[in-house]
Amino acid sequence: MATKKPAARAKTKKTATSASPRDEIGNGGELHQRAGGDSPPMTTAQGAPVEDDNNSLRAGDRGPTLMADHAFREKIFHFDHERIPERVVHARGYGAHGVFEAYESLADITRASIFATKGKKTETFVRFSTVAGNLGSPDLARDVRGFATKFYTDEGNWDLVGNNMPVFFIQDAVKFPDLVHSVKEEPDRGFPQAQSAHDTFWDFASLMPESTHMTLWQMSDRAIPRSLRMMEGFGVHTFRFINAAGVSSFVKFHWKPVLGMQSVVWNEAVKINGADPDFHRRDLFDAISAGDLPAWELGVQVFDDAFADSFEFDVLDATKLIPEELIPVRPIGKMTLNRLVDNVFAEIEQVAFMTQNVPPGIDFSNDPLLQGRNFSYLDTQLKRLGSTNFSQLPVNAPKCPVAHFQRDGHMQTSPQAGRAAYEPNSFTGADRGPREAGPEGQVPFAAEVSGETRRIRAASFADHYSQARQFWISQTPVEQDHIVASYAFELGKCEVPAIRERMVANLRNVDEALASGIADKLGMPLPAASKPAAPVVQTEPSPALSLLGNAKETFQGRKLGLLVGDGAKATAVKRLTKAVEKAGGTVEVIAVKVGGATLSDGSLLAAKQAVAGAPSVLYDTVAVLAGVEGEQALADEPPARDFLTDAFAHFKVIGLGSGTDALVAAAGLTGKLDDACLAVDTAKDTTAYVARIAGPRHWERDLTA
Ligand code: HDE
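Rules used throughout
- Residues numbered from 1 in each chain as written.
- Predicted model: local features only at pLDDT ≥ 70, side-chain atom pairs only at ≥ 80, totals over all residues.
- Heavy atoms only, no water.
- Domains from an automatic or database assignment.
- Contact = heavy atoms within 4.5 Å.
- Buried area = accessible area lost by both parts, 1.4 Å probe.
- Salt bridge = Lys/Arg side-chain N within 4 Å of Asp/Glu carboxyl O.
- Polar contact = N/O pair within 3.5 Å; in protein donor to acceptor, adjacent residues only side chain to side chain.
- Helix = DSSP H or I, 4+ residues; strand = E, 2+ residues; numbered from the N terminus.
- Nonpolar A, V, L, I, M, F, W, Y, C, P; charged D, E, K, R; others polar.
- Buried < 20%, exposed > 50% of the residue type's maximum accessible area, 1.4 Å probe, protein only.
- Near = heavy atom within 4 Å.
- Donors = N, O, S within 2.8 Å, 3.2 Å for Na, K, Ca; no water.
- Pairing = 2+ DSSP bridges.
- Axes fitted to C-alpha atoms, helices over the stretch in contact; angles between N-to-C directions.
- Parallel < 35°, antiparallel > 145°, perpendicular 65-115°, else oblique.
- Left-handed = near helix turned anticlockwise from the far one by under 90°.
- Core = buried A, V, L, I, M, F, W, Y, C linked by side-chain atoms within 4.5 Å.

1. Examining the domain arrangement of the protein
Domain boundaries assigned for the protein yield domain 1 (39-188 + 225-392) and domain 2 (553-693). Relative placement of domain 1 and domain 2: their C-alpha centres are 37 Å apart. The interface is formed by 16 residues belonging to domain 1 together with 15 residues belonging to domain 2. For the pair domain 1 and domain 2, the summed buried area comes to about 1200 Å², and 49% of that belongs to carbon and sulfur atoms. Our count for the domain 1 to domain 2 interface comes out at three salt bridges. Asp646 is the salt-bridge partner of Lys271, the closest N and O atoms lying 2.9 Å from each other. Where domain 1 touches domain 2, the interface holds eight residue pairs in polar contact (both at pLDDT 80 or more). Per element, the largest residue contribution to the side of domain 1 that touches domain 2 is five residues, and it comes from helix α6 (residues 266-275). Here the side of domain 1 that touches domain 2 is composed, by residue class, of seven nonpolar, three polar and six charged.

2. Considerations on the side chain of Ser542
Looking at the secondary structure, you find Ser542 in the loop between α14 (512-522) and β11 (559-564). Judged by its relative accessible area of 1%, Ser542 is buried. Among the polar contacts made by the side chain of Ser542, one reaches the side chain of Glu325 at a distance of 2.6 Å. Once you skip the residues sitting within four places of it in the chain, Ser542 turns out to touch Pro323, Glu324, Glu325, Gln470 and Ser474.

3. A closer look at the site of the ligand
Taken together, 21 residues surround the ligand, and among them Arg87, Arg127, Arg373, Ser376 and Tyr377 come closest. Side-chain polar atom of Arg373 to a nitrogen atom of the ligand: 3.3 Å apart, as the coordinates give it. The dominant element in the shell around the ligand, judged by the number of residues it contributes, is helix α10 (residues 368-385), at six residues. Classifying every residue of the shell around the ligand gives 11 nonpolar, seven polar and three charged.

4. As for the coordination of the iron atom of the ligand
On the protein, Tyr377 (OH) is the one donor atom to the iron atom of the ligand, at 1.9 Å. Structurally, Tyr377 is set in helix α10.

5. Details of unusual backbone geometry
Here the amide bond leading from Phe191 into Pro192 is cis, since omega sits at -5°, within 30 degrees of zero. Cis peptide bonds are those with omega within 30 degrees of zero, and the linkage from Glu423 to Pro424 qualifies with 5°. Among the structural elements, Pro424 can be located in the loop between α10 and α11 (466-473). For His90, which is not glycine, the phi torsion reads 60° and is therefore positive. Unlike most non-glycine residues, Ala194 shows phi in positive territory, near 60°. By secondary structure assignment, the location of Ala194 is in the loop between α3 (176-183) and α4 (199-207).

6. Section: the pairing of strand β4 (residues 156-163)
Burial analysis of β4 places eight of its eight residues in the buried class, the great majority of the element. Adjacent in sequence and paired antiparallel, strand β3 (residues 145-153) and β4 are bridged by two residues.

7. Focus on the packing of α4 against helix α13 (residues 497-507)
Close contact between α4 and α13 brings their axes to 9 Å; oriented N to C, the two are set at 40°. One way to sum up the angle between α4 and α13 is to call them oblique. Crossing of α4 against α13: the hand is left-handed. Of α13, the residues touching α4 (which contributes Asp199, Trp202, Asp203, Ala205, Ser206 and Leu207) are Ile499, Arg502, Met503 and Asn506. Grouping the constituent residues of the contact of α4 with α13 by class yields five nonpolar, two polar and three charged.

8. Things to note about the nonpolar core
Core analysis: the biggest nonpolar cluster contains 50 residues, and Trp202, Leu216, Tyr487, Leu514 and Ile518 have the highest contact counts within it. Apart from the residues within four sequence positions on either side, Ile518 is in contact with Val484, Tyr487, Ala488, Leu491, Val504 and Leu507. Counting 49 residues, the second-largest nonpolar core is a separate cluster that includes Met231, Val300, Leu337 and Leu340.

9. Some thoughts on the sheet that holds β11
Read from one edge to the other, the open sheet built from six strands follows the order β15-β12-β11-β16-β17-β18, with strand pairing classed as parallel. Each end of this open sheet is capped by a strand with a single partner; those strands are β15 (609-610) and β18 (677-678). The sheet contact formed by strand β12 (residues 586-591) and β15 spans two bridges and is parallel. Following the sheet pairing, Ile590 is matched in β15 by Gln609. Where helix α17 (residues 638-649) meets the sheet, its contacts fall on β11, β12, β16 (621-625), β17 (654-656) and β18, and the angle it forms with β17 comes to roughly 135°. Contacts from helix α19 (residues 683-693) reach β11, β16, β17 and β18, with the element oriented near 160° to β16.

Below you can see the structure in the form of structure tokens.
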């Protein structure tokens, strides 16, 4: 590299403030102006106005940078420390603020103030997450979704830290690190991330038959939700409600999405992860931004000791659920997410959920998983947020008065006035501080405890297969097919044959057709069934467990991908758009070029996306409209052909207007179009199409494929 002569530097003019080199070079152009108008003066974190944020302090204009540039030093120092440890599980997440409204008073069963009166409103914050993937992993990984809600009640925060599946992999918290280590990247190679399709996970699962029930859920389409707005949530464990008289009932919590449940199919999920790894967070962001506010009903299954004693499974075992047909879910309120965060880090990354956060009126059962969680979540917050004062961060701070004698610690921001920081004390007034609440406080349920102290798994936890079987027999044929295909996909990624065999041997205890279907897809002989720890009991199907069987007929909150070619009939485009929007859906216009398409009336329809960046996996349904001018151009565009073939392969309802024959032919679909490929040219067509897209995908295409 040529070095400039010192003489050249010496020639540089002494700079006057008005004509500083900053204004000539390295100044970012027109938008880079000094403070004034809309721009307040930039300051350091200490509040000192910054003279120049583009050039660090140098000795001479080409000389070394000076340590005396404290503004520069502070800026880089802060940047170097921007990251905090990501969550060890549930690292990838997204959230929003909301409000919960109680449907009625539950005073007969709980003294929790949040349920005290009909119509009572409580602010909430929700964080949805995947479990296994790292912070930057894709949203459509096959995984359990976290569904964690913080209710800022007037008697302290209640954190309902649940999942979108009602059971869990393990029964005892002591196995949690093993479970998580098995599903995370394998430690000797650092991959695969955000997936369970590898040896270590299935090695663990196959050696832990108690995980079988949960793996059925995980292999079902519940693990690839279409939207965070379209999944159920569950508190999983049995909790307690305690009323003012101290009487306890057992309770299980359920969230039911107002938009109904919906999932994508696996091949679609794989492609969404490439096309838009932020698919779920973008969907939530877009919906709330558009005022299409996501909502869930909170429901409870309430039962007493007599039911718990007579139920054939242990209500303390988190690998079991209570069928809704036995104990119906009673809706008790509704949560609406109504506000996006201002800053993802400050709120979503720093929110600290803790299962032990319950207000008076809600208490724990002895579920050993829940008991273990109640230890874990406090530790994790200190590790991640670095201070015992994490509860003072705005997103974590209760919205009710807080008064205690905890003092100091890193980042203390509470102006804790008063002379006495201890109790008892004899001061009065502001110097005295708070006193315990007595019976008004969080009085633990007076449970009787007896028995020997032992490391033991109760015999009532031994049946690992009966409820897995119940889940299986409650699925529709399409769902069963998907479950078989996912097990085969995941086990097919395992390199150790013994792991596949052990897993299929376990699954024979669930259902022979399930096990033989998987073995067949894997091309392996059916192994002998493993020996269950307890006999498998025959249970009735529970229709509530099927996702497709409970799908809601609606296009509300869903999206049409409208691929438009030049010459498309303007009236048809407008009519379709209006009808879909009237049905509560949104329409995204796609064209060969993002500049848009020229319609039959000569108007230019702007596109949101070019087809190369908008594969049909991003939409619930697709429609194509073109005129003679644009027909061949669409057919000649490979991404437009994939757009159609994929939509067809993913069983989607497809709208095909005039000017699309060439594309249909190029996509290899001539002669294959079926009942779910509908015209969208006339008003009558549009009505029929919009009615059809409220219904399910064309699963018959799946069964005949
Ligand atoms: Fe968690 N879990 N977990 N978990 N969990 C965490 O806490 C843990 C379990 C769940 O969006 C961690 O703040 C143990 C079941 C959600 O911030 C950690 C055990 C269920 C979230 C932790 C479990 C969950 C977490 C990691 C076995 C469903 C994300 C970061 C006993 C009912 C919350 C953090 C968020 C997060 C521990 C089992 C749900 C390490 C020890 C069962 C939704 O504390």
